[in-house]
Amino acid sequence: MNTKNLLKLCVIGSLGVATLGLTLAFTAPPAAAHGERSQEPFLRMRTAQWYDTRWSPSKTSVNDEAMLSGKMHIAEDWPRAVVRPNRTFINVGSPSSVFTRLSSKVNGIPMFTSGPMELGGDYEYVIRLRARLPGHHHIHPMLAVNGAGPIAGPGGWMDIQGNYKDFTNPVKLLVGGTIDTETAGLVAGLFWHILWGGLGFLWIAWFMIRPMFLIRARVLAQEGGDELLTDPADKVAGFVMLGTCFIIIAIGFFVTDSQYPYTVPLQAGAPLIKPTHLQSDLTMKVLAADYDVPGRALRMTLTVTNNGEVPLRIGEFTTAGIRFLNKVGVANNLDPNYPAEIMALDGLNMEDDSPILPGETKDIKLDSRDSLWEFQRLMDMVHDPEQRFGGLVMSWDDSGNRHINSIAGAIIPVFTRAQG
Amino acid sequence: MALFRTKEIIAASKLPPEGVKLSRMIDAIYFLPIAYFGVFATFHMHFDLLAGDWDFWIDWKDRQFWVTVTPIVEVMYPGAIMYYFWTFYRQPFGATLSITGLLVGKWITIILAWYWWANFPMNFVMPASMVSSALILDCTLLLTRSWMLTAIFGVWAFAMMFNPSNYPIFAYSKQPLVADGALLSLADYMGFTYVRTGTPEYIRIIEVGSLRTFGGHTVWISAFFSAFISMLMFTIWWQVGHFVGQSFFWATGKRGVKYRTNDVMIVGTDEYAQRHGTPNGIAPGASGRATLAEGKS
Ligand SMILES: [Cu+2]
């Protein structure tokens, strides 16, 4: 660990001590270091529903490429409190630019600028990254919605090894040549800042070498003092400085202009991204749902109809980037690299887990029970001004085909065991 | 022959040698730690609140808003500071002081906050420099000795010179490149490649083609508009300087009436005693005709 990191740790440490002090003073519930758990449950459950998120590979060296990819369903039941996603940007939630972003595609369309997204639409994003700053970093996909702010997806750890000094980010220019974004224009920028700054300090120094304030104020108060203070040397200096400025500006401008004959303004268009839609042979309706506060479980009753030709089994309920699975889900959809801390492998229970047969309609009691509800601060739902929940239910047939339904509904909290 | 009139000025101040020495100490203590650091700290805060993002990010430096907003915000403090230094001391460095001070603050932020703490490369957060514009403004005041002419010509040049004087710093970032089949400027790409979690692309307030009537001359139209508003801002802030920089005395005259006197330098002098009959305790010993004659220069 070098001195720089040590110093940073000291600053973070003292901030941490202050935070801890405040936390103890106000007995606030612990907030995640990254803040993702501090977003309100309705914001995380009913806006962007993240699934199939992948961080690959999770270990890289400086300059290596990595990928952050996955899918996102924009909830139909978008909360009233959140501005509609008319201008959105797929972003990366990371502590500073630990990776540079090389490319970002949503449903195959590059997303350099912000664009609209549709409620009920499904979007697949692929973000290519290049490892830049060594360390152990928590990386989230993120949907930034203009007017609503960032909506963080699930976070996974990515490690970068090596040395930042080795990092380069070469880019090919249209008119030929390659440029490194880390250093491009730096020397010229420093030169001009030093040149103008130097002239500025010289100008101030010209007046600092002589009495500045009290003496001049006393002279100015006298008859004829103004004329006396108008030193001919200053007049000359004024003309010289004025001429110098205009000449340097003109030389700088015209030389630069001939140096860069082909320039373009900043590009500010909006990508038009066509959504896809979730495919499922099941139709689902939330009949009733309650939230068992002491039991830390979301219990729902769904009316499910199978319109397809093969029997289907429910295997996963996912909301706010947190996954609740049963045996079916584990067998079909377990990514061994998915962060264990946001996944409950035995978190989904059904009273009757027989498959839903083709043509069958039945009420299913689904129960997702895990301490994650509390740890991920989703139990704070009871403090929201709108008691509704949302999420994705995934089902599989015997040959492993996945069917996804987006569900949403009202939810009633159960505060005591007696009530439940 | 001496380069400066310093000797005559010191003589006219009628300060004893110890007084002259002391006044230089006051200059040093007052100018650097108080005036300079006070200006750079407050102006830096003021500027970053009003135009910070345009100045930090390479991908905010557009032809419309950056060119318009920066001179308007950057002429405010110079207006007030120039009033103060010119009116009370005839010192023509108010604008240069404000803007070099701003840049001292900016560079502390760039090195410590952006580069060292947040790990952004320095070229990505390079600020604009308006020192050349400030020098032009100060020289205009020095040469015209009129704040009205300074507001008209100096401020006009202050704003109009912003783009040409910063073009050498930022032109490289306007070079085109193609990424994923889309044409971008290098600045756009840098804004994209350096991940800013809290600053998604739509936060940018930049030209989206709204000045389409003027074709390729957007930057000059913006600069012209900026110059116009800057003139207005300069005069307003000159008056702010006047309001904040008021110095007056409450004095009691011969008949015991309290009144306000705006010329603080006159209080305690013989001229004051002559005008008001008595300095009334303010300038002991300044009551006779003899001292009055001596005090007149
Ligand atoms: Cu995180």
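Please read these numbers as outputs of a predicted model, since none were measured by experiment.

From N to C terminus, chain B includes 12 helices and 4 strands. A total of 297 residues make up chain B; the buried ones form 57% of that total. A fraction of 66% describes how many contacts in chain B between residues 6 or more apart in sequence connect residues 24 or more apart. Accessible area of chain B: about 12,600 Å², with a carbon and sulfur share of 69%.

Our focus in this paragraph is the overall build of chain A. Regarding its fold elements, chain A presents 8 helices and 22 strands. Here chain A has a C-alpha radius of gyration of 30 Å; the compact-globule value for 420 residues is 22 Å, and the former is much larger. By its C-alpha atoms, chain A is 100 × 55 × 45 Å across when sized along the principal axes. Here chain A holds 420 residues, and 50% of them are scored as buried. The long-range fraction of contacts in chain A, counting pairs at least 24 apart against all pairs at least 6 apart in sequence, stands at 70%. On chain A, roughly 19,300 Å² of surface is accessible, and the fraction owed to carbon and sulfur atoms is 59%. Distance from the positive charge centre (36 side chains) to the negative charge centre (41 side chains) of chain A: 4 Å.

One can describe the packing of helix α3 (residues 186-208) of chain A onto helix α6 (residues 131-144) of chain B by two numbers: an axis separation of 9 Å at closest approach and a directional angle of 30 degrees. Classified by the interaxial angle, the pair formed by α3(A) and α6(B) is roughly parallel. For the pair α3(A) and α6(B), the crossing hand works out as left-handed. In contact with A:W196, A:G197, A:L199, A:G200 and A:W203 of α3(A), α6(B) contributes B:V131, B:S132, B:L135, B:D138, B:C139 and B:L142. Each residue belonging to the contact of α3(A) with α6(B) can be placed in one class, and the counts come to 7 nonpolar, 3 polar and 1 charged.

Residues and elements named next belong to chain A. With 91% of its residues at a pLDDT of 70 or more, chain A shows a mean pLDDT of 89. The secondary structure element of chain A with the lowest average pLDDT is helix α1 (residues 3-26), at 61, and the one with the highest is strand β7 (residues 122-131), at 97. The model gives residues 23-32 a pLDDT under 50, and that stretch makes 5 contacts with residues more than four places away or in other chains.

Residues and elements named next belong to chain B. If you trace the backbone, Y89 turns up in helix α4 (residues 76-89). Given the relative accessible area of 12%, Y89 is considered buried. When the C-alpha atoms of Y89 and W156 are compared, they prove to be 25 Å apart, with 67 residues separating the residues in sequence.

Under the definition given, this model contains 48 aromatic pairs over all chains. Seen in terms of ring centroids, B:Y36 and B:F37 are 6.3 Å apart; in terms of plane orientation they differ by 80 degrees. Their pairing is edge-to-face. An angle of 50 degrees between the planes, with centres 6.0 Å apart, marks the rings of B:W114 and B:F120 as tilted. We note A:R323 situated over the ring of A:Y338; from NZ or CZ to the ring centre the distance is 4.5 Å. If you follow B:R196 out to its NZ or CZ, it ends over the ring of B:W57, 4.6 Å from the centre.

Bringing the side chain of B:K61 into the picture now. Examined against the element boundaries, B:K61 turns out to sit in the loop between α2 (17-56) and α3 (65-74). Here B:K61 is buried and forms no salt bridge, its nearest opposite-charge partner B:D55 lying at an N-O distance of 4.8 Å. Polar contacts involving the side chain of B:K61 include one to the main-chain carbonyl oxygen of B:W57, which spans 3.3 Å. Residues in contact with B:K61, not counting those within four places in the same chain, are A:L266, B:W54, B:D55, B:F56, B:W66, B:M126, B:F170 and B:K174.

Once that is clear, we can look at the interface of chain B and chain A. At the junction of the two partners, chain B supplies 102 residues and chain A supplies 104 residues. Summed over both sides, the interface between chain B and chain A buries roughly 9,600 Å², with carbon and sulfur atoms accounting for 70% of that surface. A salt bridge links A:D226 to B:R145; the shortest N-O distance between them is 2.6 Å. At the boundary of chain B and chain A, one finds 44 residue pairs in polar contact (both at pLDDT 80 or more).

Turning our eyes to something else, we now look at the nonpolar core. By size, the foremost hydrophobic cluster in this structure holds 180 residues, and its most contacted members are A:M72, A:F317, A:F389 and B:F93. Judged by nonpolar contacts, the second largest core, of 7 residues, contains A:I215, A:V219, A:L220 and B:A12.

The next subject is helix α8 (residues 162-170) of chain B. Of all the 9 residues making up α8(B), 9 are buried; the element is thus mostly covered by neighbouring parts of the structure. Along α8(B), the positions that sit buried rather than exposed are B:F162, B:N163, B:P164, B:S165, B:N166, B:Y167, B:P168, B:I169 and B:F170. Buried positions along α8(B) lie against α3 and α6 (232-259) of chain A together with α3, α6, α7 (147-160) and α10 (218-244) of chain B.

Residues and elements named next belong to chain A. Within the secondary structure, D77 is located in the loop between β3 (65-74) and β4 (88-93). There is a polar contact of 2.9 Å between the side chain of D77 and the side chain of R388. For D77, the residues in contact, after removing those within four places along its chain, are R46, R388, F389 and A408.

With that settled, the discussion passes to the packing of α7(B) against α10(B). All names here are of chain B. The N-to-C vectors of α7 and α10 enclose an angle of 145 degrees; their axes lie 8 Å apart at closest approach. Two packed elements cross with a definite hand, and for α7 against α10 that hand is right-handed. Contacts from W147, T150, A151, I152, V155, W156, A159 and M160 in α7 reach W220, A223, F224, S226, A227, S230, M231, F234, T235, W238 and Q239 in α10. Partitioned by chemical class, the residues of the contact of α7 with α10 number 14 nonpolar, 5 polar and no charged.

This part covers the sheet that holds strand β5 (residues 99-106) of chain A. Sheet strands pair by backbone hydrogen bonding; their relative direction is either parallel or antiparallel. All names here are of chain A. A sheet is described by the order of its strands in space; here 5 strands give the open sequence β1-β3-β7-β5-β6, paired in antiparallel fashion. For this open sheet the edge positions go to β1 (48-56) and β6 (109-110), each flanked by a neighbour on one side alone. One ladder, built from 7 bridges, connects β5 with β7; its direction is antiparallel. Bridge pairing links T100 to R130 in β7.

Definitions and limits used
Residues numbered from 1 in each chain as written. Chains lettered and ligands numbered in written order. Predicted model: local features only at pLDDT ≥ 70, side-chain atom pairs only at ≥ 80, totals over all residues. Heavy atoms only, no water. Helix = DSSP H or I, 4+ residues; strand = E, 2+ residues; numbered from the N terminus. Buried < 20%, exposed > 50% of the residue type's maximum accessible area, 1.4 Å probe, protein only. Contact = heavy atoms within 4.5 Å. Areas by Shrake-Rupley, 256 points an atom, 1.4 Å probe, with all protein chains shown as cover. Rg over C-alpha atoms; globule rule 2.2 N^0.38 Å. Lys, Arg positive; Asp, Glu negative; His and termini not counted. Charge placed at Lys NZ, Arg CZ, Asp CG, Glu CD. Axes fitted to C-alpha atoms, helices over the stretch in contact; angles between N-to-C directions. Parallel < 35°, antiparallel > 145°, perpendicular 65-115°, else oblique. Left-handed = near helix turned anticlockwise from the far one by under 90°. Nonpolar A, V, L, I, M, F, W, Y, C, P; charged D, E, K, R; others polar. pLDDT = per-residue confidence, 0-100. Phe/Tyr/Trp six-rings, centres within 6.5 Å; stacked < 30°, edge-to-face > 60°. Lys NZ or Arg CZ within 6 Å of the ring centre and 35° of its normal. Salt bridge = Lys/Arg side-chain N within 4 Å of Asp/Glu carboxyl O. Polar contact = N/O pair within 3.5 Å; in protein donor to acceptor, adjacent residues only side chain to side chain. Buried area = accessible area lost by both parts, 1.4 Å probe. Core = buried A, V, L, I, M, F, W, Y, C linked by side-chain atoms within 4.5 Å. Pairing = 2+ DSSP bridges.

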